[in-house]
Amino acid sequence: MLEYPSPSQGASLILAFRPRKILIIGSGPLAASRAFSALEAESEVHILAPGGLEDACDELKWRASQCQITLSNWTALIPSASTSAADPDEIAGLEKFLDDTPGISLACITDTAVRPHRRSRESCERVYRTLKARNIQVNSTDVPELCDFTFTSTHRVAESALQIGVTTNGQGCRLSSRLRRDIVSKLPPTTAAAVRNVGQLRALAKREGLKACDDLDEDGHDEIEEDSAVSTPNRPVPTRSATETETESTRRRMKWVAQVSEYWPLSKLASLTPDDMTALLEGRVPETPLTQSLMSLALPPTPAHNLPNSKRGRIFLVGSGPGHPSLLTQATHTVLTRLADLVLSDKLVPDAVLALIPKSVEIRIAKKFPGNAEGAQMEMMEAAIEAANRGLTVVRLKQGDPVVYGRAGEEVLYFRAHGLEPLVIPGVSSALAAPTFANIPVTQRGAAESFTVCTGVGRRGKEITLPAYERARTLVILMGVARLPQVVDALVAPDAGARRQGAAYPGHTPVAIIERASMPDQRVVTSTLRDVVRALESSGEQRPPGMIVVGWSVLCLYGKGDTGVLEEGAEKGDEGRVERANFQQNLIGPFSHTLFHRGPGGQRNGIASPCPPEP
């Protein structure tokens, strides 16, 4: 039975919480800061402090005058009028306040760290116990043992619902603030507009289908809750039908929202207009120009690849490589930054590559979502012909290499039939690059004498015939992660019929799922064919694009290495070979953020390594 990863202690359960009514004890600057955060969460804020309004800081006095908060004098509530912070009569005053103010769910004790009315430890304990007796969750500043919750270092993006919180779980408060500032400084300028537009898009998608929400299955809730974390964003989006029910219409719209949230650049999301949103939810994806930033790069003085300088009436089919912009070929970089008038990009080309394109160049993103691939392909080819006929230089930008499952051949023939001969510029194929970044050589003396690249899905979603098992061969499967259970079954089933050409793969054959190769958030999930489906499910939502690598080359560079796989009789020790590897070595490529999984008795380990240098 598969053993799932053991929880690592010391983390916090981070929630996006909006308490209806909150109590803040104290009236200094920290209390004012807590009050402001609570007001932004639309909470009813009550301040309770000795001295009341007279001793409050200026901000709290102003907010009380604006009727934003209710500020109560704790001293006036104490029966004996005692001002001693440790006096039991103070608790009687607190009890009276709580009786008169029902419904408080959170309390923040802020006067334990500041003078002149600094609360003693004994008084804080009394207050804490009183609040807990009423099932109120408490945060006591600088007294962690009297805290039921803590606050993250938070930033609210201006004019946006986006909040970013960082916590070190008590290991370094100043450091968490610094990390938060660093994260915020790296947000694109279009972030706020993108969040706002996606929120409007979600609201529009649900507006006409609220009654149908109760009937939605799991797929329909992909975008209804922020933490739904569906296992794959690649479920097919059905085309709009005149006979669709209200539930089907709501499901289709929510899937469209999930697709554009996952794949579209932030700059394109930020540029959506109300008309674009309406068209999008009807299945007509708008093709508006993107606002992109031009990265400051030293361009070569002359074009590479002997490319012509003409900017009129040409079509280039280019590959963007596996993802990171530093892996673009010099020829592709020149075409994108110097020659292009119109860029027709596949959806998986990352923002970092699109950001190289000058602002003056129009960019359109392909509509190739599951269920719409054929129609979207034809639209992009027609758009290229139309633009080229107007004398524009068109760049058809694909991920990886354009001829490795990039449909470049179809486009060459289509353009040629319309009197245009495109120039195809190769790119670094993910079929070779991704395994390298995961420290998996597709060929290795003593482990893999050859490799085969195939797709995991046929035309219009049909199953394909996968290669038979050969011990000395590495199998690289592109576009198969979203259909992993079907792919694995085709490989290991004793009688797979037309789904496999010959011998079945042993269940203990090593396999790696490589996602977003070369990017900062690259992830590698390593297991065996027997356990990989459950391993991937346990690692959270998928991160397209992904690929599958099957074979003994997956293990050959772990630890001290294992290059005896092809020796005579070596297959007798395969189970032990997998057990010894233990899938937890930290020898990974220089780009990786990797998770390792294995089957029974296995462990999980992850490390992050630096991204590659900029070109």
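The structure this text deals with has already been given above.
Residues numbered from 1 in each chain as written. Predicted model: local features only at pLDDT ≥ 70, side-chain atom pairs only at ≥ 80, totals over all residues. Heavy atoms only, no water.

1. Topic: the sheet that holds strand S13 (residues 450-455)
The strands making up a sheet are joined through hydrogen bonds of the backbone, oriented either antiparallel or parallel. Threshold: Pairing between strands is defined by DSSP: at least two bridges between them are needed. Only DSSP runs of H or I with at least four residues qualify as helices, and only runs of E with at least two residues qualify as strands; both kinds are numbered from the N terminus onward. Angles here are taken between N-to-C directions and fall from 0 to 180 degrees, while the axes themselves are lines fitted to C-alpha atoms, restricted in helices to the stretch in contact. What makes two residues a contact is simply this: any of their non-hydrogen atoms within 4.5 Å.
Pairing is mixed in the open sheet, where 5 strands are placed in the order S13-S14-S17-S15-S16. Looking at the sheet topology across the chains shown, the edges are occupied by S13 and strand S16 (523-528). Neighbouring strand axes in the sheet, compared pairwise and without regard to direction, differ in orientation by 20° on average. Its contacts with the sheet place helix H15 (residues 430-437) against S13, strand S14 (473-478), strand S15 (510-515) and strand S17 (546-550), and it is angled at close to 75° to S17.

2. Here's the deal with unusual backbone geometry
Geometrically, the link from Pro544 to Pro545 is a cis peptide bond, its omega value of 0° lying close to zero. With respect to the helices and strands, the residue Pro545 is situated in the loop between helix H17 (532-538) and S17. Here the phi dihedral of Met479 falls at roughly 55°; this positive angle occurs in a residue that is not glycine. Along the chain, Met479 falls in the loop between S14 and helix H16 (484-492).

3. Here's the deal with the nonpolar core
The condition that has to hold: The criterion is simple. A nonpolar core is a set of buried Ala, Val, Leu, Ile, Met, Phe, Trp, Tyr and Cys residues joined through side-chain atoms within 4.5 Å. Partly exposed describes any residue whose relative accessible area lies between the buried limit of under 20% and the exposed limit of over 50%, with all areas from a 1.4 Å probe on protein chains only and scaled to the type maximum.
Membership of the largest hydrophobic core comes to 37 residues, with the highest contact counts inside it found for Trp264, Leu336, Val343, Val395 and Leu397. Apart from the residues lying within four places of it in its own chain, the contact partners of Val395 are Phe316, Val318, Val335, Leu336, Ala340, Leu342, Val343 and Leu344. Membership of the second largest hydrophobic core comes to 26 residues, among which are Leu475, Val481, Val487 and Val565.

4. Details of the pairing of strand S1 (residues 21-25)
Short version of the rule: Seen with its strands pointing away from the viewer, a crossover is right-handed if its path from the first strand over the helix to the second goes clockwise.
S1 sits mainly inside the fold: 5 of its 5 residues count as buried. Here S1 shows no split at all, with Lys21, Leu23 and Ile25 on one side and Ile22 and Ile24 on the other all buried. Across 5 bridges, the pairing between S1 and strand S2 (residues 44-49) is parallel. Paired with Ile25 across the strands is Leu48, a residue of S2. Regarding topology, helix H1 (residues 29-40) serves as the crossover connection from S1 to the parallel S2, and that connection is right-handed. When S1 meets strand S4 (residues 106-109), the two strands line up parallel, connected through 4 bridges. Each residue of the ladder has a partner; that of Leu23, found in S4, is Ala107.

5. A short note on the pattern of salt bridges
This is how the line gets drawn: A side-chain nitrogen of Lys or Arg and a carboxyl oxygen of Asp or Glu constitute a salt bridge if their distance falls within 4 Å.
For the structure on display, the rule yields 28 salt bridges. Put simply, Lys21 and Glu44 hold a salt bridge, and the shortest N to O gap is 3.8 Å. Linking Lys21 in strand S1 with Glu44 in strand S2, this pair joins segments that are 23 residues apart in sequence. A residue is classified by how much of its surface remains accessible, and Lys21, at 15% relative accessible area, is buried. A salt bridge links Glu575 to Arg530; the nearest nitrogen and oxygen atoms lie 3.4 Å apart. With Glu575 in helix H18 (residues 574-581) and Arg530 in the loop between S16 and H17, the pair connects residues that are 45 residues apart, well separated along the chain. Residue classification places Glu575 among the partly exposed positions, given a relative accessible area of 44%. Overlapping salt bridges, with partners in common, bring together Arg121, Glu125, Arg129 and Glu145 in one network.

6. Remarks on the packing of aromatic side chains
Here is the rule: Between rings of Phe, Tyr and Trp, where Trp is taken as its six-membered ring, a pair exists when centres lie within 6.5 Å; planes separated by under 30 degrees are stacked, by over 60 edge-to-face, and by other angles tilted. Here, a charge over a ring is recorded when the distance from Lys NZ or Arg CZ to the ring centre is within 6 Å and its angle to the ring normal is within 35 degrees.
Within the structure shown, the criterion is met by 3 aromatic pairs. Here Phe149 and Phe151 contribute two aromatic rings whose centre-to-centre distance is 5.5 Å and whose plane-to-plane angle is 75°, an arrangement assigned as edge-to-face. Arg34 extends its terminal NZ or CZ atom over the ring of Phe151, reaching a point 3.9 Å from the ring centre. Above the ring of Trp264, the side-chain terminus of Lys268 is found at 4.9 Å from the ring centroid.

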